[in-house]
Amino acid sequence: MERASGYAQDMHAWPASEVPALPGKGRDLRIHDTATGGLVTLDPGPVARIYVCGITPYDATHLGHAATYNAFDLVQRVWLDTKRQVHYVQNVTDVDDPLLERAIRDGHDWTELAERETALFREDMTALRMLPPQHYIGAVEAIPGIVPLVERLRDAGAAYELDGDIYFSVESDAHFGQVSHLDAEAMRRLSAERGGDPERPGKKNPLDPMLWMAAREGEPSWDGASLGPGRPGWHIECVAIALDHLGMGFDVQGGGSDLVFPHHEMGASHAQVLTGEFPMAKAYVHAGMVALDGEKMSKSKGNLVFVSTLRREGVDPAAIRLALLSHHYRADWEYTDQVLQDAAERLGRWRAAVSRPDGPSADALVEEIREALANDLDAPTALLAVDRWAAHQQSEGGTDEGAPGVVSRAVDALLGVAL
């Protein structure tokens, strides 16, 4: 048995780009909540709290990742524009079956693979001007906080042992199913597709997820106190980090739509049983999937377009970001070379428009962008508003000497695009 108890990488995020201050004040965010199936208006206190599930670092960062983190970057920017502070937490699943499998396949040390891909992810996020989390926490780093939570669930009768592994009982949470609203058949199918083991004999419920995996020969393991040596399950990792840094009832739980079930459903149940409170998050917000050649971008299929590859080819990161912004965050869409070409051309038009010494008034434009983003992060509508201003600037110009600067700052502050 390989022991990994000595490995603990303290994570750090990436540098923050400056967010220009704009005149006036933004609007409160109305956003689609998966749990209720409709728009909810978020009214955080002075500090808005958001948790976004991070990467498993064995192959980062493809455009599907970038689209997801772009969506939650917009959430931060809307909140900052309302003069709130933002407490943003993101994890890194730096030990998990896919990471270990990739390391074995390629003949790499799993810790080196995780560190290398996490570093590349940081570089991509910096280039794309994604605002960093205040806390960027690896699963390995979180293990000392995970073990007591699993012990509490076990001692409360909400978890049980099966051949040394510890499973969570979904029936212990009266609210189980209220994030995804899926039927049992759909849950079982998605569990099998997304890291679960519904066919394992001996489980009380096929959907029960693993909290603690007992040590396997040749795999990393850590001291689990009364649990025995092993490593944590996927869902409890995020719960431990979120509860430690944000507490219950935080404003947004975010991720891609492929995390609705089982990850966010199970995480909510873990937290609700641990605390006796409901719900874990005020809104469960999910970004759509990006496809290539007719299929969702995924590491298993290998149909990936990497941000780092585009950057090496000389693509301006601002054009990559505009390509992402041209699609509504909840929409599934397909990447093509034309999408990126259109974004590069749009970027050129915008930069030409703000390079002139004066132009048409930008006051109305700033409010249009604010209103579009407050309405469920409607970035495509915001982009069209900037397009109209740029077209007016090109055809008729204007006499407001401050307008180009206002547009440049607004596009940077609200859309994350540096002109």
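Cut-offs used in this document
Residues numbered from 1 in each chain as written. Predicted model: local features only at pLDDT ≥ 70, side-chain atom pairs only at ≥ 80, totals over all residues. Heavy atoms only, no water. Pairing = 2+ DSSP bridges. Helix = DSSP H or I, 4+ residues; strand = E, 2+ residues; numbered from the N terminus. Axes fitted to C-alpha atoms, helices over the stretch in contact; angles between N-to-C directions. Contact = heavy atoms within 4.5 Å. 1 Å grid on protein atoms, 1.4 Å probe; cavity = no way out; pocket = protein on both sides within 12 Å on 5 of 7 lines; lining within 4 Å. Points joined across faces, edges and corners; volume = space filled by probe spheres on them. Nonpolar A, V, L, I, M, F, W, Y, C, P; charged D, E, K, R; others polar. Polar contact = N/O pair within 3.5 Å; in protein donor to acceptor, adjacent residues only side chain to side chain. Parallel < 35°, antiparallel > 145°, perpendicular 65-115°, else oblique. Left-handed = near helix turned anticlockwise from the far one by under 90°.

A.B. asks: What is the right way to read the sheet that holds strand 10 (residues 250-256) from this model?
C.D. replies: Hydrogen bonding along the main chain pairs the strands of a sheet, whether they run parallel or antiparallel. Sheet architecture is open: five strands sit in the order 5-4-3-10-11, paired in parallel fashion. The open sheet is flanked by strand 5 (135-138) and strand 11 (281-287), the only strands paired with a single partner. Each neighbouring strand pair of the sheet contributes to a mean axis angle of 20°, computed without reference to strand direction. Pairing of strand 3 (residues 47-52) with strand 4 (residues 85-92), which is carried by six bridges, proceeds in the parallel orientation. Within strand 4, the position partnered with Y51 by the bridge is V89. Helix 6 (residues 234-245) contacts strand 3, strand 4, strand 5 and strand 10 of the sheet and is inclined by roughly 155° relative to strand 4.

A.B. asks: Help me out: how do you make sense of the layout of surface pockets in this one?
C.D. replies: To find leftover empty space, a probe the size of one water molecule is rolled over the atoms. Taken as a whole, the second largest pocket holds about 160 Å³ of empty space. Lining of the second largest pocket is provided by 17 residues; of these, A35, Q178, F278, P279 and Y284 occupy positions nearest its centre. Mapped by element, the contributors of at least two residues to the lining of the second largest pocket are helix 7 (260-275) and strand 11. Here the lining of the second largest pocket takes four residues from helix 7, the largest share from any one element. Looking at side-chain class alone, the lining of the second largest pocket contains seven nonpolar, six polar and four charged residues.

A.B. asks: How do you make sense of empty space enclosed by the protein when you look at a structure like this?
C.D. replies: Under the defined criterion, the tally for this structure stands at five cavities of 30 Å³ or more. Put simply, the largest cavity is a space of about 110 Å³. At the level of elements, helix 1 (63-81) and helix 9 (317-325) are the ones that each hand at least two residues to the lining of the largest cavity. Looking at the lining of the largest cavity element by element, the count peaks at four residues for helix 1. Here the lining of the largest cavity is built from residues that sort into 11 nonpolar, four polar and no charged. Lining the second largest cavity, in full, are Y51, H235, C238, V239, A242, Q253, H263, H264, G267 and M280. Listing elements by their share of the lining of the second largest cavity, those giving two or more residues are helix 6 and helix 7. If one sorts the elements of the lining of the second largest cavity by residue count, helix 6 sits on top with four residues. Here the lining of the second largest cavity is composed, by residue class, of five nonpolar, five polar and no charged.

A.B. asks: Whenever I open this one, the side chain of D73 confuses me. Can you help?
C.D. replies: Along the chain, the position of D73 falls in helix 1. Separated by 2.4 Å, the side chains of D73 and R321 make a polar contact. Sequence-distant contacts of D73, defined by excluding residues within four places in its chain, comprise R129, M130, L131 and R321.

A.B. asks: Looking at this structure, I do not really get the side chain of D251. What am I missing?
C.D. replies: Along the polypeptide, D251 turns up in strand 10. Polar contacts involving the side chain of D251 include one to the main-chain amide nitrogen of R49, which spans 2.8 Å. Polar side-chain contacts of D251 include one of 3.5 Å to the side chain of K282.

A.B. asks: Sorry, what's going on with the packing of helix 11 (residues 363-374) against helix 12 (residues 379-395) here?
C.D. replies: Helix packing geometry: the angle between the two helix axes and the distance between the axes. Between helix 11 and helix 12, the shortest axis-to-axis distance is 7 Å and the interhelical angle comes to 165°. Judged by the angle between their axes, helix 11 and helix 12 are roughly antiparallel. Both helix 11 and helix 12 take part in a crossing whose hand is right-handed. Residues L365, E368, I369, A372 and L373 of helix 11 touch helix 12, and the partners they reach there are A379, T381, A382, A385, V386, R388 and W389. Looking at the contact of helix 11 with helix 12 residue by residue, the class counts come to nine nonpolar, one polar and two charged.

A.B. asks: When you look at the sheet that holds strand 6 (residues 159-162) in this model, what are you seeing that I'm missing?
C.D. replies: Pairing within the open sheet is antiparallel, and its four strands lie in the order 6-7-8-9. Lying at the two open borders of the sheet, with one neighbouring strand each, are strand 6 and strand 9 (230-232). The sheet shows a mean angle of 20° between the axes of neighbouring strands, direction not considered. The pairing of strand 6 with strand 7 (residues 165-168) spans four bridges and is antiparallel. Bridging across to strand 7, Y160 finds its partner in Y167.

Distances and angles like these do not, on their own, reveal function.
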